[in-house]
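# A look at the structure
Now for the letters of each chain:
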Amino acid sequence: MSSYFISDLHLKPQRPDLTRALLCFLDKIAPDADALYLLGDIFEAWIGDDAPYPNLTKICQRLQELSEQGCELYFQHGNRDFLVGTQLCQQIGASLLPEYAQVNLPCGQEALLIHGDQLCTDDTDYMAFRDMVRSPEWQQAFLAKPVSERLEIARQLRDTSKAQGAMKAENITDVNNVAVAETLAKYKVRLMIHGHTHRPKIHRIGLANGKSATRIVLGDWDKSGWYLKVDHTGYDLISFPITC
């Protein structure tokens, strides 16, 4: 049994190399996957399942083929693609995970899967924005708009996010350690897997009860691709050339 975890590909028409890298990953690195977890920000932006997305056909076909071959696919919302709905998930044969998902891994451990942005509690401006766009009322109103208007709103939001992010200290845009510890305690787990921060690393955490926990941060795809592989022997966080 082997499970693979990826996040933060930020697929977009301007980066066809990322699409090629994902297809290469599916064909050459993870063809033996029993489970593949897509933990958010797979797409740079997602404005609704009804909108057209360039270069998406090959990705959907390959993911669907993987699902039909017996691999279990799971999708979890990120801060860029939180509007992915049941239509896309059905198209690729994936199950939509909740914001906090507990799973049993092939190595015998239970893990909590999250995208990771909900742990960046020091970034109060972002957390307020997150609360707004995750509300059913906001999403319903946004999805009711024409595709052209949604595209423009998404562009404006991305531009604003990049401008604000450039002015924030690194610790503000990283996870809050107290939020991490509280989340681990709430879900009674000692292993957390997430993306979002673009700071790939395996962290060992000392807990208040004297025990330890592990936080695995997935990497973003840019000059390199990143994935986490878990099997009966344990887990490895691995990078590979984007040219595959």
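Relevant structure appears above.
Below, the structure is looked at part by part. Per chain, residue numbering runs from 1 following the sequence as it is written. Where totals are concerned, whole chains, interfaces and linings use all residues; where local detail is concerned, this predicted model gives features only for residues with pLDDT of at least 70, and gives and counts side-chain atom pairs only at 80 or more. Water and hydrogen atoms play no part in the side-chain values, which are based on all heavy atoms of the structure.

A word on the environment of Ser135. Secondary structure follows DSSP: runs of H or I at least 4 residues long count as helices, runs of E at least 2 residues long count as strands, and numbering of each begins at the N terminus. Assignment of secondary structure puts Ser135 in the loop between α4 (124-133) and α5 (136-143). C-alpha of Ser135 to C-alpha of Phe82: the two residues are 53 residues apart in sequence and 11 Å apart in space.

Once that is clear, we can look at the packing of aromatic side chains. Each aromatic pair joins two rings of Phe, Tyr and Trp (for Trp, the six-membered one) with centres within 6.5 Å, and gets the label stacked for planes under 30 degrees apart, edge-to-face for over 60, and tilted for any other angle. Counting across every chain of the model gives 15 aromatic pairs. Pairing Trp46 with Tyr53 gives two aromatic rings, centres 3.8 Å apart and planes at 0°, and the pair type is stacked. Classification of Tyr53 by relative accessible area gives partly exposed; the value is 21%. Taking the centre distance of 5.3 Å and the plane angle of 90° together, the rings of Trp221 and Phe240 count as edge-to-face. Taken together, the residues span a long stretch of sequence, with Trp221 in the loop between β9 (212-217) and β10 (224-231) and Phe240 in strand β11 (residues 234-241) at a distance of 19 residues. Here's how the labels work: a residue is buried when its accessible area is under 20% of the maximum for its type, exposed when over 50%, partly exposed in between, all with a 1.4 Å probe on protein chains only.

Attention now moves to helix α8 (residues 177-187). Of all the residues in α8, the buried ones are Ala179, Val180, Thr183, Leu184 and Tyr187. Along the axis of α8, the buried positions cluster into a sector of 135°, meaning they face one direction only. Exposed and oriented more than 90 degrees from the buried face of α8 are Asn177, Val178, Glu182, Ala185 and Lys186. For α8, the elements touching its buried residues are β5 (101-104), β6 (110-113), β7 (191-194), β8 (201-206) and β9. Think of a polar contact as two N or O atoms within 3.5 Å of one another; within protein, one of them needs to be a possible hydrogen donor and the other a possible acceptor, and neighboring residues in sequence only count if both atoms come from side chains. Between the side-chain oxygen of the N-cap and the backbone nitrogen of Val178 there are 2.8 Å, and the N-cap of α8 in question is Asn176. Remark: Lys188 follows α8 within two positions and exhibits a positive phi of approximately 55°. This arc describes the spread of directions from the helix axis toward the C-beta atoms. For this analysis, residues touch if any pair of their heavy atoms sits within 4.5 Å.

By the element assignment, Ala21 lies in helix α1 (residues 16-29). In this structure, the C-alpha to C-alpha distance between Ala21 and Glu182, residues 161 residues apart in sequence, is 36 Å.

One bridge is not enough; two strands pair if DSSP finds at least two bridges between them. With mixed pairing, 6 strands are arranged side by side in an open sheet as β4-β3-β2-β1-β10-β11. The strands lining the two open edges of the sheet, one partner per strand, are β4 (94-96) and β11. With strand direction ignored, the average angle separating the axes of adjacent strands in the sheet is 20°. Note on geometry: axes are lines fitted to C-alpha atoms, helical ones only across the stretch in contact, with angles between N-to-C directions running from 0 to 180 degrees.

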